[in-house]
Amino acid sequence: MNKLSNRIEAIQESATLAMAAKARELKTKGFDVIGLSLGEPDFKTPAHICDAAKKAIDDGKYFAYPPVAGYQDLREALAAKYQKENNVPYKAEHIVVSNGAKQSIANAMLALLNPEDEAVIFSPYWVSYDALVRLTEATPVLVKGTIENDFKVTAAQLEAAITPKTRIVIFSSPCNPTGSVFSRKELEAIAQVVLKHERVIVIADEIYEHINYTGEQVSIASLPGMFDKTITVNGFAKGYAMTGWRVGYIAAPKWIADGCNKVQGQITSANCSIAQRAALAAVTGDITPTNKMVEEYRRRRDVVYELLKEIPGIKANYPEGAFYFFPDVSYYYGKSDGTRTIQTGDDFCMYMLEKAHVSLVTGDAFGEPNCIRLSYAASEKDLREALKRIKEALAQLK
């Protein structure tokens, strides 16, 4: 019988990747599609990082399998980064380097979750959180933030969601898809809730830490009592424009790091040796290229925010980090251009792809069906043209 396992049947294809595939299909047919669906920097990887990878190849020292958890010098550099920048006393033994932050999260969930467990997910959430929980056969429990509170879940909401079955709490800050950033005060309140529950572990996804416009990136692991209760997830894709290099990592209590090392050793073994040499150059090298990228993202955010405000019915908050908007577009549900009617976020995104040739992602994939995600990791020229097309296409709906 041609039937996949129950765990695979329980998850959906990644909506961001699916929309990107549809956009590419239209492009191959000659349409001028502006892609705002993927969370991928449109900048080149900084030269000093690429040079380190080239040198590693030329040196010929890095062709053997690396240690599963990553090279010792890279892990030491990452630990030093956390001690200096995030005020968390991680050591190399707490670090596991993986094939992207997605694998880091998967490792952590496989190491911790059993089928009878519950995983509290702050919603809206990155598309893979729910799917990865389901792969472990644990139960995802979504706790929903509202646009009025910048989509941020409160400590009181978390407290109400925790049960004796709760094993993990997972969230991102800065957040994908909303761009929201938890303040120190908000994280302190969340930490106080977590500390009441002995078996609860936090997975804090900080992949966008460098793209933070608030002036302070707070790691929940740095708060009193939270070092032993937190898995910090990070990587090089966003802040260093290294999406294709596939380098992510966790920093966690040693017993968890050892568990993740065991998981990874049976699935992929180590991350690519050459990519690790590039990552070492990134974490120890000049941060100026990253800072320049962030300033450009900040400027684009403001451009897009002003353009969104000009579109009737669109409700958008002002993101404080990452490179996304997550506007509520439900005003247009039930409206039609005479040939098609918008009923859902999926309908909205398909209408935009086919009518305006702009690719977006439905908010349903992130836990909020009234919204869509728009990435502003694109040139200002493309962003202005995309928002113009979106406004004109929406004006045809009655």
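Scroll up for the structure.
Residues numbered from 1 in each chain as written. Predicted model: local features only at pLDDT ≥ 70, side-chain atom pairs only at ≥ 80, totals over all residues. Heavy atoms only, no water.

Moving on, we get to the overall build of the protein. When its secondary structure is counted, the protein shows 13 helices and 12 strands. Expected size for 398 residues packed as a compact globule is a radius of gyration near 21 Å; at 21 Å, the protein falls within 12% of this value. Taken along its principal axes, the extent of the C-alpha atoms in the protein is 60 × 55 × 55 Å. By the burial criterion, 58% of the 398 residues in the protein qualify as buried. Taking the contacts inside the protein whose residues are at least 6 apart along the sequence as the reference set, 74% of them involve residues at least 24 apart. (Helix = DSSP H or I, 4+ residues; strand = E, 2+ residues; numbered from the N terminus. Rg over C-alpha atoms; globule rule 2.2 N^0.38 Å. Buried < 20%, exposed > 50% of the residue type's maximum accessible area, 1.4 Å probe, protein only. Contact = heavy atoms within 4.5 Å.)

What follows covers the nonpolar core. Among the nonpolar cores identified, the biggest contains 85 residues, and Leu36, Met109, Ile231, Phe348, Met352, Leu360 and Leu394 are the most heavily contacted of them. Counting residues per element, this core draws most heavily on helix α11 (residues 288-309), at 8 residues. Apart from residues no more than four positions distant in its own chain, Leu36 is found in contact with Val358, Ser359, Leu360, Arg373, Leu374, Ser375, Ala378, Leu383 and Ala386. Core analysis: the next-biggest nonpolar cluster, separate from the first, contains 29 residues, Tyr71, Ala77, Tyr240 and Ala278 among them. (Core = buried A, V, L, I, M, F, W, Y, C linked by side-chain atoms within 4.5 Å.)

A few words on the pairing of strand β7 (residues 230-235). Extensive coverage of β7 is indicated by the burial of 6 of its 6 residues. In β7, alternate side chains face the same way, and those of Thr230, Thr232 and Asn234 on one face and Ile231, Val233 and Gly235 on the other are all buried. Note: strand β6 (residues 201-205) against β7, 4 bridges, orientation parallel. Within β7, the position partnered with Ala204 by the bridge is Thr232. Pairing geometry for β7 and strand β8 (residues 248-251), over 4 bridges, is antiparallel. Looking at the pairing, Asn234 lines up with Tyr249 of β8. (Pairing = 2+ DSSP bridges.)

Our next topic: the packing of helix α5 (residues 101-112) against helix α9 (residues 254-267). It is at 8 Å that the axes of α5 and α9 come closest, and there the two elements cross at 110°. Classified by the interaxial angle, the pair formed by α5 and α9 is roughly perpendicular. Of the residues in α9, those touching α5 at Gln103, Asn107, Ala108, Leu110, Ala111 and Leu112 are Trp255, Ile256, Gly259, Cys260, Val263, Gln264 and Ile267. Broken down by class, the residue content of the contact of α5 with α9 amounts to 9 nonpolar, 4 polar and no charged. (Axes fitted to C-alpha atoms, helices over the stretch in contact; angles between N-to-C directions. Parallel < 35°, antiparallel > 145°, perpendicular 65-115°, else oblique. Nonpolar A, V, L, I, M, F, W, Y, C, P; charged D, E, K, R; others polar.)

Mapped onto the elements, Ala69 comes out in the loop between α3 (47-59) and α4 (72-86). Taking the C-alpha atoms as reference, Ala69 lies 14 Å from Asn234; in sequence the two are 165 residues apart. With residues up to four places along the chain from it excluded, the contact list for Ala69 reads Arg75, Ile95, Val96, Val97 and Asn261.

So, on to the side chain of Thr45. By secondary structure assignment, the location of Thr45 is in the loop between β1 (34-35) and α3. Judged by relative accessible area, which is 16%, Thr45 ranks as buried. A distance of 3.0 Å separates polar atoms of two side chains, one belonging to Thr45 and the other to Trp245. (Polar contact = N/O pair within 3.5 Å; in protein donor to acceptor, adjacent residues only side chain to side chain.)

Right, let's talk about unusual backbone geometry for a bit. For the peptide bond that leads from Ser123 to Pro124, omega is 5°, which places it in the cis range. Relative to the elements of secondary structure, Pro124 occurs in the loop between β3 (118-123) and α6 (127-135). Each neighbour pair has its own omega, and for Ser173 with Pro174 the value is -5°, a cis peptide bond. Here Pro174 is to be found in the loop between β5 (166-172) and α8 (184-194).

Let us look at the sheet that holds strand β2 (residues 95-98). Taken in spatial order, the 7 strands line up as β2-β8-β7-β6-β5-β3-β4 in an open sheet, and their pairing is mixed. Edge positions in the open sheet fall to β2 and β4 (139-144), since each of these has one partner strand only. For this sheet, the mean angle separating the axes of adjacent strands, direction not counted, is 20°. Bridge analysis of β3 against β4 gives 6 bridges, and the strand direction is parallel. By the bridge assignment, Phe122 is partnered in β4 with Val143. Contacting β2, β7 and β8, α4 runs over the sheet at an angle of about 115° to β2.

By themselves, these figures tell us nothing about what the structure is for.
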